[in-house]
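Listed below, chain by chain, are the residues.
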Amino acid sequence: MTSNDITPVILCGGSGTRLWPVSRQSFPKQFIQLIGEGSLFQQSSTRLSGAGFAAPIVVTNSDFRFIATQQLAEAQIDPGAVLIEPAARNTAPALLAAAILQAKTDANALMLAAPSDHYITQADTFRDSVRKGITAAQAGQIVTFGITPDQPETGYGYLELGTDEVHGAVPLKRFVEKPQLAEAERMLAAGGYLWNAGIFMYTAQAMIDAFAKHAPETLEHVTAAVDAAEPDLGFLRLDPAAWNKCADISVDFAIMEKVDNLSVIEHHGDWSDLGGWGAVHMHADTDENGVAVQGAALAVDCENTLLRSENDGLQIVGLGLKDIVAVAMPDAVLVADRSRVANLGDVVKQMRKSTIPQANTFPKDHRPWGFFETLILGGRFQVKRIVVTPGAALSLQSHVHRSEHWIVVAGTAKVTIDDKVQLVCENESVYIPLGAVHRMENPGKVPMELIEVQTGSYLGEDDIVRYEDVYARGQGAKG
C-alpha cells in the first residue's frame, strides 16, 4: 500500500427484494451469482483491488459477516477492517463509520464508497474513471460518478452538471430525484444530466467535515460507536448503544444534497445496479427473439422473455410466452409480466404481512461452517442435508425438544456426544439423544456431507443451547 492508494468502502448489508425469489433477506442479491462470474459482491471487490487500491473496508451486518469474508477469500482478497452494523441505518452512518476509522490512521487517505451489487463488466474503464477523480478528491472535493444515460430511465436519480471543470471534474449543480417519464425524456434530450450511480470518492477528513457541518448528531453517534467498537473474531463490532441512536438515512439525503464541494466524473463504460429482473434480462445473453434462458430452462416459441431455474433438478419450460419473467427456486416460483417486475418489492411486503416464510428465507441456510437445507419437514420430524467445509466445526450444543440421527454420505465426521468422541465415516450413522451435548466437525480435506433426521415436539432453529462456538455466535438460531 502507498500513501496514494484508494481504500474502497464496500457496503454489503442490504437485502434486495426486487429480485425475489432468488434474492431474499437471509441471502440477498449481492452474494448471489446473478450474471457473470462470481457473486456481485465478489465482482465489486475484485474491480476495486490490485494496483492503486488498498485493502477494502467492508461494512455489513452480523448475519452476513461470515458470508462476506468467505466470498472475499474465494476471490483471493484480504479485507482490511470488516465493520459489523448492530442494526440497519442506511448508507450515511455506514460510510461515516468507515471514514472515522480510516481517519484514525490517515485523515487524508482517499476512500471510494461503492455498493456491492452493481454490475460493471468493463473494470479497466471504471478504474480509469476513478483515476480521473483523484486530483479533485485530494483537493477536498467529494467526487461522485455519473453514468451517461441512453434512455429516459425513471428508476434512477439524476445529476445535473454545472460548468467550468475544476481539477478534472465538473461541479454538480443539483441532484434530481427519480423523475416521471416526461421529465426523464426532457433531461435526456437537453443533455447535461447523468444517472446517479451512488459511488463517491473523498478523503476521510472531507467526509467527516461534511457530517460535522450538515449532520452533527449523526457524527456524534457514529464517532461514539466507532470509539467503543469491540473486536470480534477479526471483525469490528460497532457499539450498539451509540449506533442505535443514529438516524436511518441515506448519505444522499444526509450530506450529498447539502454540500457545496461535490464534483462529478462521467463514467462512459457499462453500468447497471441490477435493480430488478428487467435489468438482469437486459444484460443477459439473449437469442434473436430477445429470450434469455439461465440454468435448467427451455424456451419454445417465446419472445422477450427470461426463464431461469436455480435448481438443476427443476426444469422450467416456457411455451409461447411473450414479455414474461419466470424464475424457479426449489421452494418458490415467480411468473410475472415483464412490465410489472418493478413492483416486486411491494409483493414481498405483502408476503411478509401474510407471514409467508419464502418472503425472507431459503430452504438452504448458509452458516460460517458450511450450509444446510431442509429436504422434508413434517409435524414432528425434519430431514436436512448438512455440508461442513474442511476444518470447520459446529458449536458444542444441546437441544431441549429434539433428538437427531446423523448419516454420513460423503467424507468423515468427527462427532462428540457427551464425553465420547468418535469418527463416523461414509455410510455410517450415529444417534444423538434429546438433551445430549454434541458437536460435529470435519477433520478432513474435502467437504463432509450428512443427512440429519430430527424428531421431536419442536424443530425450530432457536432450539439450540450453545456451550462452545469457534464463531462466537452466542445463543439462538444464529447468534
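Residues numbered from 1 in each chain as written. Predicted model: local features only at pLDDT ≥ 70, side-chain atom pairs only at ≥ 80, totals over all residues. Heavy atoms only, no water.

A. A look at helix α3 (residues 91–103). The end-to-end C-alpha separation of α3 is 18 Å, in line with the 18 Å expected for 13 residues at 1.5 Å each. Most of α3 sits out of view: eleven of its 13 residues are buried. (Helix = DSSP H or I, 4+ residues; strand = E, 2+ residues; numbered from the N terminus. Expected span 1.5 Å × (residues − 1). Buried < 20%, exposed > 50% of the residue type's maximum accessible area, 1.4 Å probe, protein only.)

B. Spotlight on the UniProt feature "domain: Nucleotidyl transferase" (unreviewed entry) in the protein chain. Mapped onto this numbering, the UniProt entry gives "domain: Nucleotidyl transferase" (unreviewed entry) at residues 8–283. As annotated, residues 8–283 has a helix share of 35% and a strand share of 21%, and its two end C-alpha atoms lie 25 Å apart. (UniProt positions renumbered as here; feature names shortened; annotations may be inferred.)

C. Broad picture of the domain arrangement of the protein chain. By the assigned domains, the protein chain splits into domain 1 (7–267), domain 2 (277–354) and domain 3 (364–468). Put simply, the middle of domain 1 and the middle of domain 3, counted by C-alpha atoms, are 39 Å apart. (Domains from an automatic or database assignment.)

D. Inspection of the confidence of the model for the protein chain at higher detail. Chain-level statistics for the protein chain give a pLDDT mean of 93 and a share of 98% at 70 or above. Mean pLDDT values for the elements of the protein chain range from 88 in strand β18 (residues 364–367) up to 98 in helix α8 (residues 216–227). (pLDDT = per-residue confidence, 0-100.)

E. Representation of the side chain of E404 within the structure. Structurally, E404 can be placed in strand β22 (residues 402–410). Among the polar contacts listed, one links the side chain of E404 to the side chain of R402, at a separation of 2.9 Å. In terms of polar contacts, E404 uses its side chain to reach the side chain of H438, at 3.4 Å. Look past the residues within four positions of E404 in its chain and what remains in contact with it is H399, V430, Y431, I432, H438, E452, V453 and Q454. (Polar contact = N/O pair within 3.5 Å; in protein donor to acceptor, adjacent residues only side chain to side chain. Contact = heavy atoms within 4.5 Å.)

F. Representation of the packing of α3 against helix α7 (residues 204–214) in the model. Relative orientation of the contacting elements α3 and α7 amounts to 130°, with a least axis distance of 9 Å. The orientation of α3 relative to α7 falls into the category oblique. Considering only the axes of α3 and α7, their crossing is left-handed. For the pair formed by α3 and α7, the contact residues are A92, L96, A99, I100, Q102 and A103 on the first element and A204, M207, I208 and F211 on the second. Here the contact of α3 with α7 is composed, by residue class, of nine nonpolar, one polar and no charged. (Axes fitted to C-alpha atoms, helices over the stretch in contact; angles between N-to-C directions. Parallel < 35°, antiparallel > 145°, perpendicular 65-115°, else oblique. Left-handed = near helix turned anticlockwise from the far one by under 90°. Nonpolar A, V, L, I, M, F, W, Y, C, P; charged D, E, K, R; others polar.)

G. Structural view of the pairing of strand β19 (residues 370–377). Judged from the four bridges that link them, β18 and β19 form a sheet pairing that is antiparallel. Residue pairing across strands places H366 opposite F371, the latter belonging to β19. A loop of two residues connects β18 with β19, the two strands running antiparallel in sequence. Across seven bridges, the pairing between β19 and strand β20 (residues 381–388) is antiparallel. For I376, the partnering residue across the bridge sits in β20 and is V383. Where β19 hands over to β20, the hairpin turn is made up of three residues, counted between the paired strands. (Pairing = 2+ DSSP bridges.)

H. Summary view of the pattern of salt bridges. Inspection of every chain in the model, using the stated rule, returns 18 salt bridges. Between D117 and K29 there is a salt bridge, with the nearest N and O atoms lying 3.4 Å from each other. Taken together, the residues span a long stretch of sequence, with D117 in the loop between β4 (110–115) and α4 (123–132) and K29 in the loop between β1 (6–11) and α1 (40–47) at a distance of 88 residues. Since its relative accessible area comes to 18%, D117 is described here as buried. A relative accessible area of 8% means that K29 is categorised as buried. (Salt bridge = Lys/Arg side-chain N within 4 Å of Asp/Glu carboxyl O.)

I. Highlighting the packing of aromatic side chains. This structure, assessed with the given rule, holds eight aromatic pairs. Look at F31 and F41: their rings are 5.5 Å apart centre to centre, the planes differ by 70°, and that puts the pair in the edge-to-face class. Note that F31 is positioned in the loop between β1 and α1 and F41 in helix α1, a separation of ten residues in sequence. According to the relative accessible area criterion, F31 is buried, its value standing at 3%. Seen in terms of ring centroids, Y156 and W195 are 5.0 Å apart; in terms of plane orientation they differ by 70°. Their pairing is edge-to-face. (Phe/Tyr/Trp six-rings, centres within 6.5 Å; stacked < 30°, edge-to-face > 60°.)

J. Spotlight on the sheet that holds β19. Taken together, the six strands give an open sheet; going across it, the order is β18-β19-β20-β27-β22-β25, and neighbouring strands pair in antiparallel fashion. Across the chains shown, the open sheet's two edge strands, defined by having one partner strand only, are β18 and β25 (429–432). Looking at each pair of strands side by side, their axes are set apart by 20° on average, direction ignored.

K. Structural detail: the pairing of strand β16 (residues 324–328). Extensive coverage of β16 is indicated by the burial of five of its five residues. The alternating pattern of β16 places I324, A326 and A328 on one face and V325 and V327 on the opposite face, and all of these are buried. Note: strand β14 (residues 306–309) against β16, four bridges, orientation parallel. When the bridges of β16 are listed, R308 appears paired with V327. Counting the residues between successive antiparallel strands, the hairpin from β16 to strand β17 (residues 333–337) contains four residues.

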